[in-house]
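# Survey of secondary and tertiary structure
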Amino acid sequence: MRFPVDSTVSGDTGTLATVLEAVAPELSTSQRSAARQRLVAYGSLVARWAPKVNLVSNEDLPRFMERHVLAALALRPAVRGVSHGHIVDVGSGAGLPGIPLAITLSQSMVTLVESRRRRAHFLRQAARELALSNITVVCSRVEDWNPPQKADLILSRAVTDPASLARFAGHCLAPAGFLLVTSGPRTQARTHEMCAFLTLQSDHVKPLQALLAYPGPRSRDRS
């Protein structure tokens, strides 16, 4: 299957291929090639929709692959290291990091939760055009969503505080589930509320730090 490509955001496909080889060594050459095509096509979709929907800043568009797609792929080893079947991406926005992960983890079911209708519409269209049958889009605030299936892993780029994410979305997490957040200024300060955590740093995308945390039952209390 071939996908249309917008050269505005195609970026360095050689770098993309190198990162895919590093973060997805278990995929075959043909599988990585197909993933690369989908990822570049995803960038083209973002460029096409950006004038109508506030997905990323105009300054970020020419470097969308480098700043956003590669950063999402850098999380893949941590995601794959957690036993999971169902992933929830909270505040998915333009589909980050959920869509790049869904492209490269075809056996994982990925739910993109986005409260803004226009962005949710884009996410549904992207899933259709990229033929991603493992993606479900939910247009809702995560606090108001009652998932039919609990998630094994909840991740977010929109929320960098794991304790806050646990309170917002803890009701969506399976008992043995984990949280994965991109580190921000408040991340390390709130790790004391987690039962266990692991700080991650990517060798492929710098500077990128993330935190994988097990919240435990008390951190999930929204009261």
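Heads up: the structure comes first, above all this text.
Description of the structure in this document. None of the values given here were measured: they were computed from a predicted structure.

With that out of the way, let us pick up unusual backbone geometry. Of note, the bond from leucine 96 into proline 97 is cis; its omega dihedral lies within 30 degrees of zero at 5°. Within the secondary structure, proline 97 is located in the loop between β1 (86–90) and α5 (98–104). Phi is positive for alanine 131, which is not a glycine, with a value near 55°. By secondary structure assignment, the location of alanine 131 is in the loop between α6 (117–129) and β3 (135–138).

Glancing now at the packing of helix α1 (residues 13–23) against helix α3 (residues 64–73). One can describe the packing of α1 onto α3 by two numbers: an axis separation of 10 Å at closest approach and a directional angle of 15°. As the angle between them shows, α1 and α3 are arranged roughly parallel. Helix-helix and strand crossings are classified by hand; for α1 and α3 the assignment is right-handed. Where α1 approaches α3, its residues Thr15, Leu16, Val19, Leu20 and Val23 are matched on the opposing element by Met65, Leu70 and Leu73. For the contact of α1 with α3, the residue count by class is seven nonpolar, one polar and no charged.

Right, let's talk about the environment of valine 19 for a bit. Structurally, the position occupied by valine 19 is in helix α1. On the basis of relative accessibility, which here comes to 5%, the residue valine 19 falls in the buried class.

Summed over all chains, the structure comprises three aromatic pairs. Between tyrosine 42 and phenylalanine 64, the aromatic rings sit 5.6 Å apart at their centres with planes inclined by 65°, giving edge-to-face as the arrangement. Placement of tyrosine 42 in helix α2 (residues 29–49) and of phenylalanine 64 in helix α3 is noted, with a sequence separation of 22 residues between them. On the numbers, 5.4 Å between centres and 65° between planes, the contact of tryptophan 49 with phenylalanine 122 is edge-to-face. One end of the pair, tryptophan 49, is in helix α2; the other, phenylalanine 122, is in helix α6, and 73 residues separate them in sequence. Each member of the pair, tryptophan 49 as well as phenylalanine 122, is classed as buried. The side chain of lysine 52 reaches across the aromatic face of tryptophan 49, ending 4.6 Å from its centre.

Burial of α3 is extensive: eight of the ten residues sit out of reach of the surface. When α3 is considered as a whole, its buried residues turn out to be Phe64, Met65, His68, Val69, Leu70, Ala71, Ala72 and Leu73.

What follows covers the nonpolar core. Taken as a class, soluble globular proteins show a tendency for nonpolar side chains to be buried jointly. Within the largest apolar cluster, 53 residues are counted, with the highest numbers of intra-cluster contacts made by Tyr42, Leu73, Ile99, Phe122 and Ile135. In terms of nonpolar packing, the next biggest core, distinct from the first, is built from 18 residues, Val113, Val142, Ala151 and Val181 among them.

Turning our attention to the environment of leucine 105. When you line up the elements, leucine 105 lands in the loop between α5 and β2 (109–113). Spatially, the C-alpha atoms of leucine 105 and alanine 24 are 9.1 Å apart, while their sequence positions differ by 81 residues. Excluding residues that lie within four positions of it along the chain, leucine 105 makes contacts with Arg76, Val79, Arg80 and Asn134.

Take aspartate 89: it is sitting in strand β1. In sequence terms aspartate 89 and leucine 180 are 91 residues apart; their C-alpha atoms lie 9.6 Å from each other. Setting aside residues no more than four positions away along its own chain, aspartate 89 makes contact with Gly95, Leu96, Pro97, Gly98, Thr111, Leu112, Val113, Leu155 and Ser156. Looking at aspartate 89, its side chain comes within polar contact range of the side chain of serine 92, at 2.9 Å.

The relative placement of two packed helices is expressed as an angle between their axes plus a distance between the axes. Where α2 contacts α3, the axes come no closer than 11 Å and their chain directions differ by 130°. With respect to their mutual orientation, α2 and α3 come out oblique. Here α2 runs over α3; the crossing is right-handed. Listed contacts from α3 to Leu39, Val40, Tyr42, Gly43 and Val46 of α2 are Phe64, Met65, Val69 and Leu73. Split into classes, the residues belonging to the contact of α2 with α3 amount to eight nonpolar, one polar and no charged.

Cut-offs and rules
Residues numbered from 1 in each chain as written. Predicted model: local features only at pLDDT ≥ 70, side-chain atom pairs only at ≥ 80, totals over all residues. Heavy atoms only, no water. Helix = DSSP H or I, 4+ residues; strand = E, 2+ residues; numbered from the N terminus. Axes fitted to C-alpha atoms, helices over the stretch in contact; angles between N-to-C directions. Parallel < 35°, antiparallel > 145°, perpendicular 65-115°, else oblique. Left-handed = near helix turned anticlockwise from the far one by under 90°. Contact = heavy atoms within 4.5 Å. Nonpolar A, V, L, I, M, F, W, Y, C, P; charged D, E, K, R; others polar. Buried < 20%, exposed > 50% of the residue type's maximum accessible area, 1.4 Å probe, protein only. Phe/Tyr/Trp six-rings, centres within 6.5 Å; stacked < 30°, edge-to-face > 60°. Lys NZ or Arg CZ within 6 Å of the ring centre and 35° of its normal. Core = buried A, V, L, I, M, F, W, Y, C linked by side-chain atoms within 4.5 Å. Polar contact = N/O pair within 3.5 Å; in protein donor to acceptor, adjacent residues only side chain to side chain.

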